[in-house]
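Analysis of the macromolecular model
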Amino acid sequence: MKTTLMTLVVASACAVSQTVFAQEAEEEIASEEAKSYSFGADVDLFSAYVWRNAVLNDQMVVQPCVWGEWSFFEPFAIGASIWQNYDLTGHRRDMHKTGLTENDYNVYLSATAWATEEEEYKLDLELGHDWYTYMNRRSGTKGSNPNTRELYLKATFENPFVTVYGQTSWMYEDFGDYKAGFHYEIGLNKEIEVTDEVTVGADWNVSFANRDYQEYIYGTKSSGFAGTTVKLYSSYAITEWVSLQATIAYTGVLNDDARDEMDELGSDYDLNGHKYPRDLLWGGVSLKFEF
């Protein structure tokens, strides 16, 4: 009888143990499946519109973006985003029919090319395509503000010290009178978690471009070094899926030949019929949602 009772107790314990382990395994699988999808939205309010180390508008803009990513097969993921720019003042908006001046669309394929066991060191690669579409100017001629496209390859090396990243972009469709060209960028990024809610960070990048691309972004006929941007930022996690970030940045043109050409135009350079500063201190706030 005692042997029978002991057998029943052991069997019951094994059954409970198997049930617990099965539940934990199911929860782990469910958690992994949940993490395979992510999406969110950002709303940036900046004192200027800066892109590729060039000041495209030195007055207030708002730039919303929605994005999503799916890790369909480890280590690969695919993603997409839609980004917009709204000019909030008449400085640049007067060229367009509305405050919405630009819609950009992005798709990409990313993968972790190499990582240590605990992912303390990791190399990520991203191959993507951008469509830059612009609102027609008030002149009503579509060719006065054409659309363009780019292919890019980006690499990011994460480590415990400083994250290193680089990107090469090929604008393969002419932008009106500007010929298609190449743009290159390398940068460093460092983030420090001060508390569970507060993170501070710094980012620096320097860019290079061939003559056609520099004429596209600066309106000059130089090549080589282009510009640089230094950013300091701090983010506060309001909830698990909402954060608020404040940014202050400096952008400047590094190319001496480009600056000499700009000096001929005065203190500012002329791009698309408007003058914008070569060097600018700017910043703003961002509201970020991630699910």
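For the structure itself, consult the block above.
Nothing here was measured: the structure is a model prediction, and the numbers come from that model.

Definitions and cut-offs
Residues numbered from 1 in each chain as written. Predicted model: local features only at pLDDT ≥ 70, side-chain atom pairs only at ≥ 80, totals over all residues. Heavy atoms only, no water. Helix = DSSP H or I, 4+ residues; strand = E, 2+ residues; numbered from the N terminus. Patch = residues over 30% accessible without salt bridge, like charges linked within 9 Å, V, L, I, M, F, W, Y side chains within 5 Å. Areas by Shrake-Rupley, 256 points an atom, 1.4 Å probe, with all protein chains shown as cover. Salt bridge = Lys/Arg side-chain N within 4 Å of Asp/Glu carboxyl O. Lys, Arg positive; Asp, Glu negative; His and termini not counted. Charge placed at Lys NZ, Arg CZ, Asp CG, Glu CD. Buried < 20%, exposed > 50% of the residue type's maximum accessible area, 1.4 Å probe, protein only. Pairing = 2+ DSSP bridges. Phe/Tyr/Trp six-rings, centres within 6.5 Å; stacked < 30°, edge-to-face > 60°.

This part is about unusual backbone geometry. The residue after Glu-74, namely Pro-75, is reached through a cis peptide bond having omega 10 degrees. By the secondary structure assignment, Pro-75 is in the loop between strand S4 (61-73) and strand S5 (76-87). At Arg-52, a residue that is not glycine, the phi angle is positive and equals roughly 55 degrees.

This part takes up a negative patch on the surface. The grouping of Asp-256, Asp-257, Asp-260 and Glu-264 at the surface amounts to a negative patch. Positionally, Asp-260 belongs in helix H4 (residues 256-264).

The subject of this paragraph is helix H3 (residues 211-218). Counting buried residues in H3 gives six out of eight residues, a clear majority hidden from the surface. Following H3 by one or two positions, Gly-219 adopts a phi angle in the positive range, close to 80 degrees.

Sheet topology places strand S8 (residues 148-158) next to strand S9 (residues 163-171); eight bridges connect them, and they run antiparallel. Bridged to Glu-150 within S9 is Met-171. Linking S8 back to S9 in an antiparallel pair, the connection comprises four residues.

Evaluation of the coordinates by the stated rule reveals 16 aromatic pairs. Plain terms: the ring middles of Phe-39 and Phe-291 are 5.3 Å apart, the flat faces sit at 25 degrees to each other, and that makes the pair stacked. Of the two residues, Phe-39 is situated in strand S1 (residues 37-46) and Phe-291 in the segment after strand S16 (280-290); the sequence distance between them amounts to 252 residues. We classify Phe-39 as partly exposed; its relative accessible area is 48%. When its relative accessible area of 46% is taken as the criterion, Phe-291 is described as partly exposed. An angle of 45 degrees between the planes, with centres 5.7 Å apart, marks the rings of Tyr-49 and Trp-83 as tilted. You can see Tyr-49 sitting in strand S2 (residues 49-51) and its partner Trp-83 sitting in strand S5, a full 34 residues away along the chain.

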